[in-house]
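# What the coordinates show
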Amino acid sequence: MQRPYCEPGLKKVYGIDITAVDPKGVGTTQAKSAVRNGQDQMVLTTTTDATLDQFGLVLLTDDKHLQNADYVVPVVNRARAGSPGVTKALGKLNDVLTTADLASMNQQVDSWRRLAQDVARTYLKDKGLLK
């Protein structure tokens with residue numbers, strides 16, 4: 001059984017003893033269902049997971065700051081999309097995009113079944129980044 005990378009911190013900082021790992025994947029429907037059904041006690045997911053409400057789950061607050069914040073950083077292949085225009089456009093997006101924005105867009109796609117390109121287009125227009 002592969003131990004989770006966060007196990008030492010969970011034990012040291014929060015006193016959580018990981019006794020077993022159910023390898024269903026990070027934030028998968030199967031993992032969240034296992035917690036909802038009582039098979040597992042917690043699931044590793046992301047702060048932008050917009051489907052937690054559907055499973056009756058909540059994000060735990062890391063009030064002891066065990067986990068560093070993740071930041072969305074656009075990465076592109078310089079030869080294919082690294083032109084100054086693309087760099088400028090991604091820089092403007094990076095200035096306005098928030099975790100709450102990502103969670104909202106994920107909810108629209110994952111829960112409401114809207115098309116990702118439609119959600120993205122609406123977001124960019126609302127932020128004044130697309131005409």
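Quantities reported herein were computed from a predicted structural model and do not represent experimental measurements.

The subject of this paragraph is the overall build of the chain. The helix and strand tally for the chain stands at 6 helices and 0 strands. Helices (α) and strands (β) of the chain occur, in sequence order from the N terminus, as α-α-α-α-α-α. Its C-alpha atoms give the chain a radius of gyration of 18 Å, more than 25% over the compact-globule value 14 Å for 131 residues. Considering only C-alpha atoms, the chain reaches an extent of 50 × 30 × 30 Å along its principal axes. Sorting the 131 residues of the chain into buried and exposed places 18% on the buried side. Within the chain, contacts between residues separated by at least 24 positions form 38% of all contacts whose residues are at least 6 apart in sequence. Accessible surface, the chain: about 10,000 Å² in total, of which carbon and sulfur atoms supply 53%.

Let us look at the side chain of T51. Structurally, the position occupied by T51 is in the loop between α2 (29-36) and α3 (78-81). A distance of 2.5 Å separates the side chain of T51 from the side chain of K32, its partner in a polar contact. In contact with T51, other than residues within four places in its own chain, are K32, D110 and S111.

The geometry of helix α5 (residues 99-110) relative to helix α6 (residues 116-126) is characterised by a closest axis approach of 9 Å and an angle of 145 degrees between their N-to-C directions. The handedness of the crossing between α5 and α6 is right-handed. Residue-level inspection shows D101, M105, Q108 and V109 of α5 in contact with α6, the latter providing A116, V119 and Y123. Tallied by class, the residues present in the contact of α5 with α6 amount to 5 nonpolar, 1 polar and 1 charged.

This paragraph deals with helix α1 (residues 7-14). Listed as buried for α1 are E7, G9 and L10. Summarising the axial view, the buried residues of α1 lie within an arc of 165 degrees, below the 170-degree limit, and thus occupy one face. Opposite the packed face of α1, turned more than 90 degrees from it, sit the exposed residues P8 and K12.

Reading guide: rules and limits
Residues numbered from 1 in each chain as written. Predicted model: local features only at pLDDT ≥ 70, side-chain atom pairs only at ≥ 80, totals over all residues. Heavy atoms only, no water. Helix = DSSP H or I, 4+ residues; strand = E, 2+ residues; numbered from the N terminus. Rg over C-alpha atoms; globule rule 2.2 N^0.38 Å. Buried < 20%, exposed > 50% of the residue type's maximum accessible area, 1.4 Å probe, protein only. Contact = heavy atoms within 4.5 Å. Areas by Shrake-Rupley, 256 points an atom, 1.4 Å probe, with all protein chains shown as cover. Polar contact = N/O pair within 3.5 Å; in protein donor to acceptor, adjacent residues only side chain to side chain. Axes fitted to C-alpha atoms, helices over the stretch in contact; angles between N-to-C directions. Left-handed = near helix turned anticlockwise from the far one by under 90°. Nonpolar A, V, L, I, M, F, W, Y, C, P; charged D, E, K, R; others polar. Arc of directions from axis to C-beta.

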